[in-house]
Amino acid sequence: MKTVSKSLLIVFLATLFGTVQGTAQITIAPTTLYLDDQNRFGTMLVLNGSSQPQEVSIEFEFGYLAADSAGNPEMVYDDSLAASEKSVADRILGFPSNFTLQPNQRQVVRLTVRNTGSLADGTYWSRIRTISNPVSPSIEEQTSEGISAQINFRFEQVTTAFFKKGNVTTGLDFGESNVSITDDTGIIHTRMSQTGNSPYIGTMNLRILNEQGDLVTESSSTVAIYFTTQRQFQFDASEMPPGTYTAEMVFETTRTSIDDAEMVQASPINHTVTFRMQ
């Protein structure tokens, strides 16, 4: 009986901001790579932690984190105007860009940014799309009779390469801000714009104070503001009695996973919003 093999392709996309290690067992480090006009070369490590050989390819694409009208994070990959101003996806090269990793094998990928002389001072970037899938067995190895279905899992993991040129600056401007309460969850809605010539990458530390200035709750979250966007930040409001409160937000250009020397620095920025619990 003639053997028929059917391959089903399933695509998983992971946009991550820490160490990337998904079901595919492909690990990438670092997940944020900084290059500049003094050092246009960098490296990333790709490790196969699975029990199967993996085919890996590296691609570059411009994209940035934004938000929908409700303030929920979303990635944007089709903004041609922003790409014309801030992309280095067509200027960055990775070698090797296609390779096979045996189980527990690792590969160093060397990256370089070229043709940057015409760029103005500022920070530019590209997403690094690392695509992996298990190596398919050869036709000779597929000896079973009848109809079989072979499922090939194709994983896409997205990290980022930044390129800094010349004098780089960043900051934040704030537009309209308000607070809503839904099912014991407080949500701060705020309009934010990146200033300077670089994205604002950092951390927001939130403190909720009551009318007496006592701390009610606090939390922190990472932020990445590339252009003008609507963002929302949540806090626990389940034990907050009626009254007037102040949300104090302090934005700092620091991340636990990134060396401060690599990031575009700015002085801490404070933003407050007053609201009432009914």
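Not measured: the values here are computed from a predicted model. (Residues numbered from 1 in each chain as written. Predicted model: local features only at pLDDT ≥ 70, side-chain atom pairs only at ≥ 80, totals over all residues. Heavy atoms only, no water.)

**So, the overall build of the protein chain**
What counts, and what does not: Working definition: helices are DSSP H or I runs of at least four residues, strands are E runs of at least two. Numbering for both runs from the N terminus. Three exposure classes are used, based on accessible area relative to the maximum for each residue type with a 1.4 Å probe and protein chains only: buried under 20%, partly exposed in between, and exposed over 50%. Any two residues having at least one pair of non-hydrogen atoms within 4.5 Å are treated as being in contact. The method behind every accessible area is Shrake-Rupley, applied with a 1.4 Å probe, and residues are considered shielded solely by the protein chains displayed.
Within the protein chain, the secondary structure is distributed over one helix and 20 strands. A buried classification covers 44% of the 278 residues belonging to the protein chain. For the protein chain, restricting intrachain contacts to residue pairs at least 6 apart in sequence, the fraction spanning at least 24 positions comes to 73%. Surface summary for the protein chain: the accessible area is close to 14,500 Å², and the carbon and sulfur share equals 47%.

**So, the sheet that holds strand 16 (residues 200-209)**
The line we're drawing: When DSSP locates at least two bridges between a pair of strands, those strands are taken to pair. Axis geometry follows a simple rule: fit a line to the C-alpha atoms, using only the stretch in contact for helices, then measure angles between N-to-C directions, giving values from 0 to 180 degrees.
Taken in spatial order, the four strands of this open sheet run 17-16-19-20, and their pairing is antiparallel. Two strands lie at the open edges of the sheet, namely strand 17 (215-225) and strand 20 (269-277), each paired on one side alone. Within the sheet, the average angular offset between the axes of one strand and its neighbour, ignoring direction, is 20 degrees. In the sheet, strand 16 pairs with strand 19 (residues 243-252) via seven bridges, with the strands oriented antiparallel. Paired with Asn-205 across the bridge in strand 19 is Val-250.

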